[in-house]
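The residues making up each chain are set out below.
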There are 2 protein chains.
Amino acid sequence: MQLPYFVLQKTTPYGRLGTLVTAHGNISTPCFFFCATKATIKGIDAQAMETLRTPVLLANTYHLMLHPGPNVIAQAGGLGAFMGWRGPTYTDSGGYQIFSLGYGCVSQEIKGSPRSERYLRISEKGAEFFSYRDGTKWCLTPELSIHVQQALGADCIFTLDECTPYHISYDQTRVAMERSHRWAQRSLSEFLREDAPYKKSYQGLYGISQGGIYPQLRRTSVEFLNATDFFGHGIGGSLGTTSKEMGEVLDMALEGLCLNRPIHLLGIGKIEDIFDGVMKGIDTFDCVIPTRLGRHGGALIMPHYWKSAQESYHARTSINLLKSCFRNDHRPIDESCLCPTCQRYTRAYLHHLMKSKEITGGACLTLHNVFFMNTMMAAIREGIAADSVAQVRTHWLGR
Amino acid sequence: MQLPYFVLQKTTPYGRLGTLVTAHGNISTPCFFFCATKATIKGIDAQAMETLRTPVLLANTYHLMLHPGPNVIAQAGGLGAFMGWRGPTYTDSGGYQIFSLGYGCVSQEIKGSPRSERYLRISEKGAEFFSYRDGTKWCLTPELSIHVQQALGADCIFTLDECTPYHISYDQTRVAMERSHRWAQRSLSEFLREDAPYKKSYQGLYGISQGGIYPQLRRTSVEFLNATDFFGHGIGGSLGTTSKEMGEVLDMALEGLCLNRPIHLLGIGKIEDIFDGVMKGIDTFDCVIPTRLGRHGGALIMPHYWKSAQESYHARTSINLLKSCFRNDHRPIDESCLCPTCQRYTRAYLHHLMKSKEITGGACLTLHNVFFMNTMMAAIREGIAADSVAQVRTHWLGR
């Protein structure tokens with residue numbers, strides 16, 4: 001059978017169970033993908049990620065294109081071999097990084113700052129930008145993104161799309177969406193070319209749904225994806241600014257989508273949003289949140305933490321080890337957690353490491369968060385199998 | 001038997017074999033101690049250090065006194081329990097950090113810059129300094145250093161000494177040495193006090209030899225150490241600026257020293273200097289070099305590396321993975337190395353991580369260097385046992 005392929009084991013009104021079969025191993029879904037942006041989880045090596053039973057890593061085409069370059073990774077035998085990772089890999093198209101550079105950061109986005117022409121020019125051909133490393137000028141076209149992703153050789157790859165921010169108008173979103181659809185079509189044509197130098201027989205290509213927060217545009221995007229022969233659906237573009245709004249946009253983006261393909265929700269990683277996504281039928285997620293949170297002192301926590309801390313019901317899903325209340329607290333982050341960090345280190349020690357800017361602290365917290373996410377996703381899969389997702393949600397989220 | 005104790009198994013003209021028996025495990029000597037300065041090896045957690053068969057960790061009293069403070073560590077059950085490390089620990093007195101702050105950095109020392117009165121005032125009582133963390137004023141006395149080290153609870157601890165730099169005169173060195181001897185005597189008295197709040201029955205106290213590069217002063221210091229009831233000898237103060245000079249100063253510092261105590265050489269960690277030290281009878285060493293080198297892209301290398309690289313004889317003991325020659329080099333650092341890094345990652349990948357400022361790169365190189373040092377020290381011990389240290393030296397150093 002042609003790799004990769006997707007097998008749906010069970011579909012329920014509160015989520016579905018599946019298996020993504022790739023050349024580098026199987027991925028049980030629903031699954032959360034950690035971002036090995038520059039071909040590493042920051043501070044955690046591939047061996048440790050394996051020990052934590054991580055199913056898959058997602059790397060970033062934009063960063064790896066600039067360094068070390070696709071040829072180096074191709075000569076290493078592909079992304080997995082290059083980074084010493086033996087499981088499946090995904091790469092995103094590089095679009096998100098380029099456009100977030102061009103549109104500016106989230107706070108600029110919220111303020112509605114205009115796109116910076118200095119860093120980014122978008123045309124029908126592709127996205128022209130300047131390397132943050134050495135100032136050299138690049139033009140990332142849909143075809144180039146496919147070439148680079150073929151050289152990187154991940155199991156699944158994405159089409160180049162224009163990631164539009166929240167605060168742009170219906171018309172701007174429509175223009176960008178229609179261009180993204182044309183880019184997606186060009187990506188697929190390039191992907192199917194038999195004579196591409198780094199053509200891989202085992203790769204799957206995801207198309208990406210656009211349309212921002214506008215129901216009519218989301219509907220158009222669903223029709224486009226259904227009509228185009230992608231391996232998987234990605235749900236991209238703006239999902240609004242709140243969890244509630246995300247739920248509404250997800251409903252639009254999923255309505256009418258043909259359901260025999262795997263569905264990936266791009267850039268979503270908050271615990272509550274993952275449960276919401278799973279229960280709407282999302283198969284896979286990726287986000288930097290769990291690893292970035294760890295590096296900055298945050299540990300993911302289950303609701304029983306707040307109960308044992310004798311605090312009244314607390315809606316937060318993490319604690320910040322930098323807080324001085326942990327200075328003399330000689331318990332593990334979570335006494336019931338089986339992760340390597342909770343098995344060996346205390347809140348006081350992690351607090352000390354974070355306050356002393358010792359990178360071991362961020363690494364230990366990242367390990368905890370990776371274990372937390374992998375364990376939670378396994379519980380979610382068991383919940384769907386046992387028709388008890390709502391109970392799993394209450395157990396992990398408290399609501 | 002009173003812990004710790006030192007058993008000499010074999011004494012030869014080219015080094016000696018021994019065992020340091022501590023409450024937290026045995027240390028086979030000659031041994032190299034890694035510096036877990038702020039209670040961690042930067043980027044490497046205690047579990048990984050155990051996996052690499054690291055015998056002992058040395059932490060820093062000065063840094064831990066400022067954060068998290070001795071009380072926090074005492075309440076954790078001592079340094080080892082605090083940092084999740086199950087083996088033996090040492091702490092230095094904190095003197096080195098204070099005086100290097102006061103005397104300035106190495107380049108200032110070489111230029112002979114005067115001591116900065118802003119940061120450091122030395123009196124008979126102790127060393128007054130200002131915290132680099134919050135500007136608070138401290139006075140580290142010999143007694144306070146012992147109190148803090150008793151609270152930290154390492155297996156072996158050091159007396160507070162004034163670490164004089166290379167470029168000070170005979171008279172200045174003599175004044176500092178005599179004061180250090182008085183401080184050492186006060187340290188011992190304090191250490192022996194039965195009613196100290198954090199008194200530990202299992203701790204051993206090292207006195208430290210001073211006298212810089214002056215034979216007569218080194219002789220005086222030897223007499224002082226022999227006459228004072230320390231558990232071990234530390235060799236401190238300036239050892240000159242070259243390996244040759246270090247050899248000469250070591251000869252002075254060892255001549256006449258009573259040999260039934262363990263002898264620790266402070267702050268020495270270059271491969272050639274370790275072999276020179278071992279062959280003169282040094283039992284233990286500590287230095288930041290192997291771990292700092294790794295963080296900055298350096299991997300320790302055996303002579304066969306240079307042969308396989310078809311370079312003419314190369315006296316260097318490390319390579320710098322930041323160099324562009326490694327960009328497309330898909331071999332491990334050393335094909336014969338059994339460390340976790342060489343088992344999984346290539347020079348090209350490590351080069352990419354270092355160039356991309358990914359902390360995983362420094363962590364992987366640190367792991368390699370720790371494994372290298374531990375393996376080399378084991379080979380040295382086997383060499384002494386088999387009367388073949390010279391061959392071991394040639395194998396590891398190429399000369």
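Within each chain, residues carry numbers counting from 1 in the order of the written sequence. Both sets of labels track the order of writing: A upward for chains, 1 upward for ligands. Restriction of local features to residues with pLDDT of at least 70 applies here, the model being predicted, together with a cutoff of 80 or more for giving and counting side-chain atom pairs; totals for whole chains, interfaces and linings are based on all residues. Working from all heavy atoms in the structure, the side-chain values ignore hydrogens and water.

Heads up, the condition is: UniProt positions are given in the numbering used here, feature names are shortened, and annotations may be inferred rather than shown by experiment.
By the naming in an unreviewed UniProt entry, chain A is Queuine tRNA-ribosyltransferase, taken from Holospora curviuscula. The heading Catalytic activity (unreviewed entry) in the UniProt record of chain A holds the text "7-aminomethyl-7-carbaguanine + guanosine(34) in tRNA = 7-aminomethyl-7-carbaguanosine(34) in tRNA + guanine". For the record of chain A, the UniProt heading Sequence similarities (unreviewed entry) holds the text "Belongs to the queuine tRNA-ribosyltransferase family."

## Examining the nonpolar core
How we decide: We call a set of buried Ala, Val, Leu, Ile, Met, Phe, Trp, Tyr and Cys residues a nonpolar core when their side-chain atoms join them within 4.5 Å. Each residue is placed in one exposure class: buried if its accessible area under a 1.4 Å probe, protein chains only, is under 20% of its type's maximum, exposed if it is over 50%, and partly exposed if it falls in between. Comment: elements are numbered from the N terminus, with helices defined as DSSP H or I runs of at least four residues and strands as E runs of at least two.
Residues I235(A), I274(A), F285(A), M373(A), M376(A), I380(A) and I319(B) are the most contacted members of the largest nonpolar core, which totals 100 residues. For this core, the element with the most residues is helix α16 (residues 359-385) of chain A, which contributes 10 residues.

## Comments concerning the pattern of salt bridges
As a reminder, the rule being used: Salt bridge criterion: a side-chain nitrogen from Lys or Arg within 4 Å of a carboxyl oxygen from Asp or Glu.
Counting across every chain of the model gives 36 salt bridges over all chains. Residue D387(B) pairs with K10(B) through a salt bridge whose shortest N-O separation is 3.0 Å. Placement of D387(B) in the loop between α16 (359-385) and α17 (389-397) and of K10(B) in strand β1 (residues 5-12) is noted, with a sequence separation of 377 residues between them. Given a relative accessible area of 45%, D387(B) falls into the partly exposed group. Look at K10(B) and you get partly exposed, because its relative accessible area is 23%. Salt-bridge contacts for D283(B) lead to R16(B); the nearest nitrogen and oxygen are separated by 2.7 Å. Residue D283(B) is found in the loop between α11 (271-280) and β14 (284-287), and its partner R16(B) is found in strand β2 (residues 15-22); the two are separated by 267 residues along the sequence. Given a relative accessible area of 3%, R16(B) falls into the buried group. When salt bridges that share partners are traced, they join R121(A), E128(A) and K137(A) into one network.

## Quick notes on the UniProt feature "active site" (unreviewed entry) in chain A
Residue and element names in this part refer to chain A. Let me state the cut-off plainly: Two residues qualify as a contact provided that any one of their heavy atoms is within 4.5 Å of a heavy atom in the partner residue.
Under the feature "active site" (unreviewed entry), the UniProt entry names D92 and D286. With the annotated positions falling across 195 residues, the maximum pairwise C-alpha distance of 10.1 Å places them together in a single cluster. Beyond its immediate chain neighbours, meaning those up to four positions away, D92 contacts L58, A59, N60, T61, Q97, Q149 and F158. Positionally, D286 belongs in strand β14 (residues 284-287). Not counting residues up to four positions away in its chain, the partners in contact with D286 are F32, F33, C35, L58, H264, L265, L266, G267 and I268.

## Let's talk about the sheet that holds strand β1 (residues 5-12) of chain A
All names here are of chain A. Stated precisely, the cut-off is as follows: One requirement defines pairing of two strands: DSSP has to find at least two bridges between them. Helix axes are fitted only over the stretch in contact, all axes being lines through C-alpha atoms; the angle between N-to-C directions runs from 0 to 180 degrees.
The strand order β1-β2-β3 describes an open sheet built from 3 strands, whose pairing is antiparallel. For this open sheet the edge positions go to β1 and β3 (25-29), each flanked by a neighbour on one side alone. Taken over all neighbouring pairs, the strand axes of this sheet differ in orientation by 10 degrees on average, direction set aside. The sheet contact formed by strand β2 (residues 15-22) and β3 spans 5 bridges and is antiparallel. Bridge pairing in β3 links T19 to S28.

## Quick look at α11(B)
The buried fraction of α11(B) amounts to 7 of the 10 residues, a majority that puts the element mostly inside the structure. Immediately beyond the C-terminal end of α11(B), within one or two residues, lies G281(B), with a positive phi of roughly 110 degrees.

## A look at the side chain of T366(A)
Structurally, the position occupied by T366(A) is in helix α16. Discounting chain neighbours no more than four positions away, the residues touching T366(A) are I41(A), I44(A), T291(A), G294(A) and R295(A).

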